[in-house]
Amino acid sequence: MSSTTQKPLYIITGATDAMGSVITQKLAEAGHAIVMACYDDEKCRAKAKELTIRTLNKDITPMHLDLGSFAQVREFVRNIKALNRPVAVLVNNAGYISHRSEKSPDGFEKLVQVNFLSTSLLSLLMYPLMIDGGRIIFSTSLSHTPVSIPYEFPAVNNFMPIAAYAQSKMALSLFSIYLSTVLRTHQVSVNSVDCGLINLSKLSMNRFFSRFSFFSTHTGNLENGARTMMRAIGSADTGFIFKSGNKQIKASSLLRNREVFIKLCNDTMRLLKTQLEDPQK
C-alpha cells in the first residue's frame, strides 16, 4: 500500500465557498489527504482540480454530500467507507438558510435538518471510522447570540429564517457537549468553533441577507475565522468552543437550562436512532 493511501482523511463539508475554501486550502497545503464534501458536484470537482494544481497535493477527493436528506448522508458515509482509509478529522463547516419554510424529504424543516440533524447524524456515523485522536469540529456561528431552544424543537413553528438559523446552531453547540462526553472514551474529541461571523457565501439566499443590516455587524474576516478553525483542528482538547483572538471556553458554559439540554439530546438521538444502523445495509 502506498504512503498516499495510508494517510488518514480530513473531511470538510461545504468546502468550496468562503471559510470552507480557506480551510480546505490550508489543509491541502499542509499535505493532508482531503475529502471535499459538497452539494454542488461540478463546483466541487473544479475546486478540487484547482487546489491540486495550486498546492501540488494530489490527494484531494471531491465527493457529493446532500445534508438535506438522511439517505444521502448515509450514502456519503458508504462512499467514505469504500475508500478503505481511516478518518482523522471531520470539519462540519456547511450551513444553510432560506427565506421561506421548506420541508426535507424526511419531513423536517430543511434548515434544521441541514444545520443540525444531518450534521449530527454525519458525525455519529463517522466516528467509528476515525483514528485514535480523531477530531470532530462543528461550525456554530452566532452561538454567542442569546437564543433559546423552543420546546418543540427540532420542529419549527412560525418559521423565521434568522431565528431558525440561530436555534439550529445553538442546538448544534449544545449537542456537541453530549457528543464530546460520549466520544471521550473512544479517543475522539469534539469541539465547536464560533468565529463571530456568518459565512455568507456558503449559505443560500445572499440577496435575502442584504436586506438585513443585522448581518453587517456579524460578518468578519474569513482569514481570521479560518485561523480559529485551524486552531480547533490542531487541538487535542475536547468539549470546548473556540473563538477568535485565541480564546476558547467550555461548551458547557452555554448550558442555561439542563432540562432543555437533556430533552434536546434525547429527542435528537431518538430521531436519529433508525439512521444509525450500518450504512452498508
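It should be noted that the structure appears before, not after, this text.
Presented here is a report on the structure given in the accompanying data block. (Residues numbered from 1 in each chain as written. Predicted model: local features only at pLDDT ≥ 70, side-chain atom pairs only at ≥ 80, totals over all residues. Heavy atoms only, no water.)

Things to note about the overall build of the chain
Here is step 1 of the chain: Assigned secondary structure in the chain consists of 9 helices and 8 strands.
Here is step 2 of the chain: Burial analysis of the chain (281 residues in total) assigns 54% to the buried set.
Here is step 3 of the chain: At a minimum sequence separation of 6, the contacts of the chain that also span at least 24 residues come to 75%.
Here is step 4 of the chain: Just so you have it, the chain exposes about 12,500 Å², and 51% of that area is on carbon and sulfur atoms. (Helix = DSSP H or I, 4+ residues; strand = E, 2+ residues; numbered from the N terminus. Buried < 20%, exposed > 50% of the residue type's maximum accessible area, 1.4 Å probe, protein only. Contact = heavy atoms within 4.5 Å. Areas by Shrake-Rupley, 256 points an atom, 1.4 Å probe, with all protein chains shown as cover.)

Side note on helix α6 (residues 161-183)
Quick reminder: α-helices carry 3.6 residues per turn. Residues three or four places apart thus point the same way.
Here is step 1 of the chain: End to end, α6 covers 32 Å across 23 residues, agreeing with the expected 33 Å (1.5 Å per residue, within 8%).
Here is step 2 of the chain: Judged by how many residues are buried, α6 sits mostly within the fold: 18 of 23 residues are covered. (Expected span 1.5 Å × (residues − 1).)

Examining helix α2 (residues 18-29)
Here is step 1 of the chain: For α2, with 12 residues, the first-to-last C-alpha span of 17 Å sits near the 16 Å given by 1.5 Å per residue.
Here is step 2 of the chain: Buried within α2 are the following residues: Ala18, Met19, Gly20, Ser21, Ile23, Thr24, Leu27 and Ala28.
Here is step 3 of the chain: Buried residues along α2 sit against β1 (9-13), β2 (33-38), α3 (41-55), β3 (60-64), β5 (130-139) and α8 (222-233).
Here is step 4 of the chain: Backbone geometry just downstream of α2 places glycine 31 in the positive-phi region, at approximately 90 degrees.

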